[in-house]
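Listed below are the residues making up each chain.
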Amino acid sequence: MPNRTSSLAPARPAAGGPQPSRTGLIGGPVPILIAAVLWGTTGIASSLAPVGAPVAAIGCAGLALGGVLLFLTSGGPRSLPAACTRSERWLLVLGALAVAGYPVTFYPSVARSGVAVATVIALGSAPVFTGLLSWTTGGVRPTARWTGATAAAVLGCTLLVLGPELTGHAMPMDMTGIALAACAGLSYAAYSLIGGKLITRGHPSDAVMGVMFGAAGLLVLPVVLSTSTHWLATARGAAVALHLALFTVYLAYRLFGHGLRRTSASVATTLTLAEPAVAAVLGVTVLGERLPAASWCGLAVLALGLAILTAPAGTGRRER
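Notes on the structure follow. Quick caveat, the model's predicted, so the values are computed rather than measured.

1. Some points on the overall build of the chain
In step 1: Along the chain, the regular secondary structure elements total 13 helices and zero strands.
In step 2: The order of α-helices and β-strands along the chain, N terminus first, is α-α-α-α-α-α-α-α-α-α-α-α-α.
In step 3: Taking contacts inside the chain between residues at least 6 apart in sequence as the whole, the part at least 24 apart equals 89%.

2. Side note on the packing of helix α8 (residues 175-200) against helix α10 (residues 235-260)
In step 1: For the pair α8 and α10, the least separation of the axes is 9 Å and the interaxial angle reads 55 degrees. Here α8 lies oblique to α10, going by the angle between them. For the pair α8 and α10, the crossing hand works out as right-handed. Between α8 and α10, the contacting residues are Y188, Y191, S192, G195, G196, I199 and T200 on the first element and Y253, F256, G257 and L260 on the second.
In step 2: Along the lines of polarity and charge, the residues of the contact of α8 with α10 split into six nonpolar, five polar and no charged.

3. Structural notes on the pattern of salt bridges
In step 1: All chains considered together, the criterion is met by one salt bridge.
In step 2: A salt bridge links E88 to R201; the shortest N-O distance between them is 3.4 Å. With E88 in helix α5 (residues 86-113) and R201 in the loop between α8 and α9 (205-225), the pair connects residues that are 113 residues apart, well separated along the chain.
In step 3: Classification of E88 by relative accessible area gives buried; the value is 7%.

4. Re the packing of aromatic side chains
In step 1: Per the counting criterion, the structure on display carries eleven aromatic pairs.
In step 2: Aromatic pair Y102 and F106: ring centres 5.4 Å apart, planes at 15 degrees, arrangement stacked. Pair noted here: Y102 and F106 are both in helix α5, with a separation of four residues, about one helical turn. Each member of the pair, Y102 as well as F106, carries the same accessibility label: buried.
In step 3: Cluster of aromatic residues (ring-pair linked, three or more members): W39, Y102, F106, Y107, Y188, Y191, F213, Y253 and F256.

5. What to know about the packing of α5 against helix α6 (residues 115-138)
In step 1: Relative orientation of the contacting elements α5 and α6 amounts to 140 degrees, with a least axis distance of 7 Å. One finds that α5 runs oblique with respect to α6. Of the residues in α6, those in contact with Y102, F106, S109, V110 and S113 of α5 are V115, V117, A118, T119, A122 and L123.
In step 2: When the residues that make up the contact of α5 with α6 are grouped by side-chain class, the tally is eight nonpolar, three polar and no charged.

6. Overview of a nonpolar patch on the surface
In step 1: Where nonpolar side chains cluster on the molecular surface, the patch consists of V68, L72, L218, L221 and L225 and spans about 450 Å² of accessible area.
In step 2: Of all elements in the fold, only α3 (55-73) and α9 reach the threshold of two or more residues within the nonpolar patch.
In step 3: With three residues, the single largest contributor to the nonpolar patch is α9.

Definitions and limits used
Residues numbered from 1 in each chain as written. Predicted model: local features only at pLDDT ≥ 70, side-chain atom pairs only at ≥ 80, totals over all residues. Heavy atoms only, no water. Helix = DSSP H or I, 4+ residues; strand = E, 2+ residues; numbered from the N terminus. Contact = heavy atoms within 4.5 Å. Axes fitted to C-alpha atoms, helices over the stretch in contact; angles between N-to-C directions. Parallel < 35°, antiparallel > 145°, perpendicular 65-115°, else oblique. Left-handed = near helix turned anticlockwise from the far one by under 90°. Nonpolar A, V, L, I, M, F, W, Y, C, P; charged D, E, K, R; others polar. Salt bridge = Lys/Arg side-chain N within 4 Å of Asp/Glu carboxyl O. Buried < 20%, exposed > 50% of the residue type's maximum accessible area, 1.4 Å probe, protein only. Phe/Tyr/Trp six-rings, centres within 6.5 Å; stacked < 30°, edge-to-face > 60°. Patch = residues over 30% accessible without salt bridge, like charges linked within 9 Å, V, L, I, M, F, W, Y side chains within 5 Å. Areas by Shrake-Rupley, 256 points an atom, 1.4 Å probe, with all protein chains shown as cover.

Here's what the structure looks like:
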């Protein structure tokens, strides 16, 4: 992701949305959607890991390696804390904790509630949490356009992911798993909002992402080391870890940070609901899976919601 490496570039107001049309889609939505496409490969990649590899360790290994790589190769992360105010340094700490909190809550939720339920709750709740946090901390009310598009996207995501279960027997709900998935959604919302706020204050996006994800990678390293690491020594295990690190962390979050320069965190988290759509399409085309009619309808509704958000707003209008 080409990032701004100088704080001299004009920053958009923290409470605002994307800039006027002169920035185009490349200025925000497109990098975020590309990041969502990369995140959509996580499921297939993880399924190729050696049998017996701990699910949480797989995700944390990708974050640990990708986060440290992001820190080492980004411009300016070492000098960022000194360039920040005291309150901004605390935001970096909270952002790193939020990034680390996602894998340690999401993957246990998957183990207790299943992939479908955990995915819907974590990804579906993230835009809602982001909107609420933006409102309570910044006083910016959600627009009708964002509310409608987010509602459509969350509904579409729910139908898409839960479609197979809706056509079969209902699965018992694990309340602990649901709570963990909601915590994962809150973690995602928190670090997206914090990253967006720091970037819009003029700090380079690669430096912000490098610090938050580099620190988070170190925080989750004990999770990886506390479990069996034999799977990492195999060719398949190493390939899976490298794919997650390089594509779903390193490249994806460079793109995500770049998108946050011109797109509000609430819009960004809604756009990343494209991730389960990509995963579903890959499952059909690569793994030969079948989707019921409810899932295809959900895919269409999700696409409609994302299209509403990515369509250029009228002149002078700002979306949050």
